[in-house]
Amino acid sequence: MPWWSWLILALGASLAAGLAIAAWIRDNKPGKDHGRLPGLMMWPPGSVPFLVMLDTDISPNGLNEALAWAVNFWRLGAHTSLFAAPGEVPEGGKTVPIMSSDKWPDWPTTECCSKRFGYTNLIQRQGELWSAAVYIDVAMAHTMNERDLRRGLAHELGHVLGLAHDEIEESIMFRSVPVDADPIVTESDKTMLQAMYA
Ligand SMILES: [Zn+2]
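Residues numbered from 1 in each chain as written. Predicted model: local features only at pLDDT ≥ 70, side-chain atom pairs only at ≥ 80, totals over all residues.

A few words on the overall build of the protein. Helices and strands together make up the secondary structure of the protein, namely five helices and four strands. Ordered by position from the N terminus, the helices and strands of the protein form the series α-β-α-β-β-β-α-α-α. Taken over 198 residues, the protein has a buried fraction of 33%. Counting only contacts in the protein whose residues sit at least 6 apart along the sequence, the fraction spanning at least 24 positions is 69%. (Helix = DSSP H or I, 4+ residues; strand = E, 2+ residues; numbered from the N terminus. Buried ≥ 20, exposed ≤ 12 C-beta atoms within 10 Å, placed from the backbone. Contact = placed C-beta atoms within 7 Å.)

So, on to the pairing of strand S3 (residues 118–125). The sheet contact formed by S3 and strand S4 (residues 128–137) spans eight bridges and is antiparallel. By the bridge assignment, Leu122 is partnered in S4 with Ala132. (Pairing = 2+ DSSP bridges.)

Let us look at the environment of Pro49. Summarising the element assignment, Pro49 is placed in strand S1 (residues 49–53). According to the C-beta neighbour criterion, Pro49 is buried, with 21 such atoms within 10 Å. Taking the C-alpha atoms as reference points, Pro49 and Val89, separated by 40 residues in sequence, lie 9.1 Å from one another. Contact partners of Pro49, with chain neighbours within four places excluded, come to Trp43, Leu82, Phe83, Gly93, Lys94, Val96, Ala132 and Val160.

With that settled, consider the nonpolar core. Within the largest apolar cluster, 40 residues are counted, with the highest numbers of intra-cluster contacts made by Leu67, Ala70, Trp74, Leu153, Leu157 and Leu161. Of all the elements in the fold, those that place two or more residues in this core are helix H2 (63–78), strand S2 (94–101), S3, S4, helix H4 (146–160) and helix H5 (187–197). No other element matches H2, which puts eight residues into this core. Leaving out residues up to four positions away in the same chain, Leu157 has contacts with Ala70, Trp74 and Phe83. (Core = buried A, V, L, I, M, F, W, Y, C linked by C-beta atoms within 7 Å.)

With that out of the way, let us pick up the packing of H2 against H4. Remark: H2 packs on H4, axes separated minimally by 8 Å, with the N-to-C direction vectors making an angle of 55 degrees. Judged on the interaxial angle alone, H4 and H2 are oblique. Helix-helix and strand crossings are classified by hand; for H2 and H4 the assignment is right-handed. In contact with Leu63, Ala66, Leu67, Trp69, Ala70, Phe73 and Trp74 of H2, H4 contributes Glu146, Leu149, Arg150, Leu153, Ala154 and Leu157. A class-by-class count of the residues in the contact of H2 with H4 yields 11 nonpolar, no polar and two charged. (Axes fitted to C-alpha atoms, helices over the stretch in contact; angles between N-to-C directions. Parallel < 35°, antiparallel > 145°, perpendicular 65-115°, else oblique. Left-handed = near helix turned anticlockwise from the far one by under 90°. Nonpolar A, V, L, I, M, F, W, Y, C, P; charged D, E, K, R; others polar.)

Have a look at this one:
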């Protein structure tokens, strides 16, 4: 394998460890009065992730619209204004690039699946999210319908917020299988987000 594929695997492993910590904290039901939660990955106060897209020439039609939908999903679903869409550059914002490729060679292997639509890489420093990047398999995205594309992007944005997977099939953070109904933000994820960002 080329050297950078080892880097991707290493980053995937650190993401998995971070998400395990986030899941542990969620299971221990943090309350608002806990204030800043130790070990939880969250964006620093006042910072607003600003989403950008690269490689738009090979992006499937509707990806920008799907992204706008995904941003709005979290605004309405969890009352979080932690995202700014392209064109809404906030002061002190953190850039979250969305990178797409039609020749993505090696996806990080996890317990779940080795081939997937999207992957979010989070880097933390001292318990805070420091940077994030969302990777989209554009070849797969081209084969998806509009609803699954929107859902897939919203799912990855959930990871950008610091959320881990859950086992509730209609949840936006369910790990892989799409369901026919519109996805929801679970009550525990809402509680989590409010504890983190309210
Ligand atoms: Zn995921």
